[in-house]
Amino acid sequence: MADFRLFLPDDAGGVMGEVDERGVLTFFICAAAGSPIRGTELFYLMMRAFGDRVRAVQGVWRRGYGGSPSVNLDRVNERTAAGASLMSAVRATWTYTRAARWGFTRATPIGVEGTPGSYTKIDVLLEKVGEAP
Amino acid sequence: MSKFEGGEVRVELIQELRALAEGGADVPALVELLQRRLELNDANSLLPVLIYFRTAFDLSLREALPLREWLAGRDRGEIDSLLIPAMQRSKSRWQPREALRT
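Note that the coordinates shown come from a computational prediction; the quantities given were computed from them, not determined experimentally.

Each value, and the rule that gives it
- Along each chain, residues carry numbers from 1 onward, in the same order as the chain's sequence is written.
- Chains and ligands are labelled by the order in which they are written, letters from A for the one and numbers from 1 for the other.
- For a predicted model such as this one, the threshold for reporting local features is a pLDDT of at least 70, and the threshold for listing and counting side-chain atom pairs is 80 or more; totals across whole chains, interfaces and linings nevertheless cover every residue.
- Helix numbers and strand numbers start at the N terminus; a helix is a DSSP run of H or I with at least 4 residues, a strand a run of E with at least 2.
- Any residue with 12 or fewer other C-beta atoms within 10 Å of its own C-beta is exposed, any with 20 or more is buried, and the rest are partly exposed; the C-beta atoms used are placed from the backbone.
- Residues are defined as contacting one another if the C-beta atoms placed from their backbone atoms lie within 7 Å.
- As used here, the arc belongs to the directions running from the helix axis to the C-beta atoms.
- Note on definitions: a nonpolar core is a set of buried residues drawn from Ala, Val, Leu, Ile, Met, Phe, Trp, Tyr and Cys, linked by C-beta atoms within 7 Å.
- Where each domain begins and ends follows an automated or database-derived domain assignment.
- Strand pairing is assigned whenever DSSP identifies at least 2 bridges connecting the two strands.
- Here the axes come from fitting lines to C-alpha atoms, over the contacting stretch only for helices, and the angles between their N-to-C directions go from 0 to 180 degrees.
- Under the convention used throughout, the expected extent of a helix is 1.5 Å for every residue step, that is, one less than its residue count.
- The predictor attaches a confidence to each residue, called pLDDT, with possible values from 0 through 100.

A.B. asks: Requested: an account of the overall build of chain B, with residues and values cited.
C.D. replies: Secondary structure summary: chain B contains seven helices and zero strands in total. Secondary structure elements of chain B occur, N-terminal to C-terminal, as α-α-α-α-α-α-α. Taking all 102 residues of chain B together, 33% fall into the buried category. In chain B, the proportion of contacts linking residues at least 24 apart, taken out of those at least 6 apart, comes to 61%.

A.B. asks: Go over helix 2 (residues 27-37) of chain B, please, and point to the residues and values.
C.D. replies: Residue and element names in this part refer to chain B. Along helix 2, the positions that sit buried rather than exposed are Val27, Leu30, Val31 and Leu34. For helix 2, the angular spread of buried residues about the axis comes to 100 degrees, placing them on one side. Pointing more than 90 degrees away from the buried face of helix 2 are the exposed residues Glu32 and Arg36. One or two positions beyond helix 2, positive phi appears at Glu39, with a value near 55 degrees.

A.B. asks: Could you give me a rundown of the nonpolar core, with the residues and numbers involved?
C.D. replies: Core analysis: the largest hydrophobic core is formed by 56 residues, its most contacted members being Phe28(A), Leu126(A), Val49(B), Leu50(B), Phe53(B) and Leu67(B). A per-element tally of this core places helix 3 (residues 46-57) of chain B first, with nine residues. Residues from two domains meet in this core; each of domain 1 (1-54) and domain 2 (60-133) of chain A gives at least three. With residues up to four places along the chain from it excluded, the contact list for Leu50(B) reads Met16(A), Phe28(A), Ala64(B) and Leu67(B).

A.B. asks: Which residues make up the sheet that holds strand 1 (residues 2-7) of chain A, and what are the values?
C.D. replies: All names here are of chain A. The six strands are arranged 1-2-3-4-6-5 in an open sheet whose pairing can be described as mixed. This sheet does not close on itself; its edge strands, each paired only once, are strand 1 and strand 5 (104-115). For this sheet, the mean inter-axis angle between neighbouring strands, taken without regard to orientation, is 15 degrees. Relative to the sheet, helix 1 (residues 39-50) contacts strand 1, strand 2 (13-19) and strand 3 (24-31), its axis offset from that of strand 3 by approximately 150 degrees. Running over the sheet, helix 2 (residues 71-81) touches strand 4 (56-62) and strand 6 (118-128) and is turned about 105 degrees from strand 6.

A.B. asks: I'd like to hear about the domain arrangement of chain A, residue by residue, with values.
C.D. replies: When the parts of a complex come together, some accessible area is lost, and that lost area is often used as the size of the interface. Residues and elements named next belong to chain A. As assigned here, chain A comprises domain 1 (1-54) and domain 2 (60-133). A straight line from the C-alpha centre of domain 1 to that of domain 2 covers 19 Å. Taken together, the contact between domain 1 and domain 2 spans seven residues of the former and four residues of the latter. At the level of secondary structure, the elements contributing two or more residues to the side of domain 1 that touches domain 2 comprise strand 3 and helix 1. With three residues, helix 1 is the single largest residue contributor to the side of domain 1 that touches domain 2.

A.B. asks: Lay out the environment of Phe104(A) with the relevant residues and their values.
C.D. replies: Residue and element names in this part refer to chain A. Tracing the chain through its elements places Phe104 in strand 5. The exposure class assigned to Phe104 is buried, which follows from the 23 C-beta atoms found within 10 Å. For the pair Phe104 and Val57, spaced 47 residues apart in sequence, the C-alpha separation works out to 7.4 Å.

A.B. asks: Help me get a handle on helix 3 of chain B, residues and values and all.
C.D. replies: Residues and elements named next belong to chain B. The first and last C-alpha atoms of helix 3 sit 16 Å apart over twelve residues, in line with the 16 Å expected at 1.5 Å per residue. The buried count for helix 3 comes to ten of twelve residues, which makes it a mostly enclosed element. Asp58 occupies a position one or two residues after helix 3 and carries a positive phi of about 50 degrees.

A.B. asks: Outline the confidence of the model for chain B, supporting the account with residue identities and numerical values.
C.D. replies: Residues and elements named next belong to chain B. Looking at chain B, the pLDDT average stands at 83 and 86% of residues meet or exceed 70. At the level of individual helices and strands, chain B shows its lowest average pLDDT in helix 5 (residues 66-73), which scores 75, and its highest in helix 1 (residues 11-22), which scores 94. Across the interfaces of the predicted complex, the ipTM metric reaches 0.79, alongside a pTM of 0.83.

A.B. asks: Help me get a handle on the pairing of strand 6 of chain A, residues and values and all.
C.D. replies: All names here are of chain A. As defined by bridge partners, strand 4 adjoins strand 6 across seven bridges and the pair is classed as antiparallel. Considered in strand 6, the bridge of Ala56 is made with Glu127. Across ten bridges, the pairing between strand 5 and strand 6 is antiparallel. Across the sheet, Val112 pairs through a bridge with Ile122, a residue of strand 6. Between the antiparallel neighbours strand 5 and strand 6 lie two residues, among them Gly117 with a positive phi of about 90 degrees.

The following block contains the structure:
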């Protein structure tokens, strides 16, 4: 297990990441509108800090309670409502596009609830092609 | 500005969270305590709440993450059904113990 935490001053946000014993990274990023460091940069800092420990990235996406936004899940629902496949929609998410730049391009849904356009839960594992955690 | 500045976790607040949970407080009550004590608002609560829950109840980030969506919408029953079982599973690791008798 390994942890990474970085907090920005003035409550502007930060990043928390956790790599488990199988090398699976779970993370949370929060960047306020006026944050001096954007979410993408926070993600890259975390990935650089963990280095080769990360064998896969796990997306844990849930419907926002009471209709609150859920960046990745909302994107999947928007795309699948327009007719895209689940996998194609996953590849359009914030997390997938960032992780893909680090080579994690193979997406495997490991827990899905809901229907196209109204998914409520998606757990997805992003791996490098040819690697298994 | 909140009192979470710098990301330090306060031991007495961890103990207070554990005592409240032990007494049957639900997740929203624990979050409200954190928001009060750390002078947080809904916009800056996410990171501090995740860190305090992970530390107080020995949760993995994966287990604590549903707090992220809940903080915006606040469906009381739903978050309890997701987090309380995880907190119960790790209870032996965070439950206050009786002092050893000598």
